[in-house]
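What follows is each chain in one-letter form.
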Amino acid sequence: MAHFPHESIGSGLQVNFSSFSNEKSSHEKIINNHPFNSQCELIIPLVGNDKKRLEEKIEEMKKRNELKEENHCYFQVFSSLSIFLNSQFSNSLFKDGQFFAFSHRSLVDSQNSFTLLPNGMLNLSLDKNSFQQLGLDGKPSSFFPPKDSRYDVQINLLSPKFVEGNAYYERVKKSLDRLSNVKYFCMKVKDGVSSSISFPKDVENSKFSIVSSKNQFKSAMIPTLPVVICLSQRLSHACLSITY
């Protein structure tokens, strides 16, 4: 049986107030800097004279999103990671959009896992045996004790020097070819809409649709802005900070 400490760990929640019409708004940066968020909640208060106008805008947004959802999709793939070193395939993923991928149901504390970011950075989290067998450059992970039990490897697939024929490229390809095939999820996004991916014929893949959900809350209580509400006595130093 697992025993939890009597005192909860302090945490913090921050909510920033901004405007989509403000070019310096941080909402886009916040979303794009966390590429593997599973969902994003947009809360739009309808207050006073703006209520009717905002309701009309929301209906327009719903109609546009419903049209886009017809093409929203992601893929489940089973292949070698060396597929991303195929220049023709890699260019199709990153050239005119953003590509995301991460390993499926891998235990990050005990199994090998990976992520591939839109900037072309391939991140491998490897156990010690796999790291030593692959012989790639990496560093001990700072998240898992005991020390040196796991290693992190980063490979920039979009580096101008990372091209076929380069000694480092060939070493990486040889190492990734030695890894077993991996099951992973991936998605390509262009202009805010996910797009189809043309995989090599020998790559096993399945396509799934993405459906968003919408809820409307009436007579909901919202705080007055600007305000800072500290809940330290009730939630062990958790703090809700609402700023603009």
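Refer to the preceding data block for the structure.
Residues numbered from 1 in each chain as written. Predicted model: local features only at pLDDT ≥ 70, side-chain atom pairs only at ≥ 80, totals over all residues. Heavy atoms only, no water.

Moving on, we come to the overall build of the protein. Along its length, the protein carries six helices and 12 strands. Residues counted as buried form 25% of the 244 residues belonging to the protein. Expressed as a percentage of contacts within the protein between residues at least 6 apart in sequence, the contacts between residues at least 24 apart total 64%. (Helix = DSSP H or I, 4+ residues; strand = E, 2+ residues; numbered from the N terminus. Buried < 20%, exposed > 50% of the residue type's maximum accessible area, 1.4 Å probe, protein only. Contact = heavy atoms within 4.5 Å.)

Throughout the structure, instances matching the rule amount to 14 aromatic pairs. Geometrically, the ring pair formed by Phe 89 and Phe 199 is tilted, given 5.8 Å between the ring centres and 40 degrees between the ring planes. Pair noted here: Phe 89 is in helix α3 (residues 87-94) and Phe 199 is in the loop between β9 (193-195) and β10 (204-209), with a separation of 110 residues, a long-range link. A relative accessible area of 5% places Phe 89 in the buried class. Arranged with centres 5.8 Å apart and planes meeting at 80 degrees, the rings of Phe 94 and Phe 99 form a pair that is edge-to-face. Of the aromatic side chains, those joined through ring pairs into one cluster are Phe 75, Phe 84, Phe 89, Phe 94, Phe 99, Phe 114, Tyr 184 and Phe 199. (Phe/Tyr/Trp six-rings, centres within 6.5 Å; stacked < 30°, edge-to-face > 60°.)

Turning to the nonpolar core, a few remarks are in order. With 34 residues, the main nonpolar core has Phe 84, Phe 114 and Leu 124 as its most contacted residues. In this structure, Leu 124 is in contact with Leu 81, Ser 113, Phe 114, Leu 136, Tyr 151, Asp 152, Val 153, Ile 155 and Leu 176, ignoring residues within four places of it in sequence. (Core = buried A, V, L, I, M, F, W, Y, C linked by side-chain atoms within 4.5 Å.)

Pairing of strand β2 (residues 73-79) with strand β8 (residues 182-190), which is carried by five bridges, proceeds in the antiparallel orientation. Bridging from a neighbouring strand, Ser 79 pairs with Val 182 of β8. Where strand β3 (residues 98-103) meets β8, six bridges bridge the pair, whose relative direction is antiparallel. Note on β8: the bridge partner recorded for Phe 100 is Met 187. Where β8 and β9 come together, three bridges link them in antiparallel fashion. Note that in β9 the partner of Lys 190 across the bridge is Val 193. (Pairing = 2+ DSSP bridges.)

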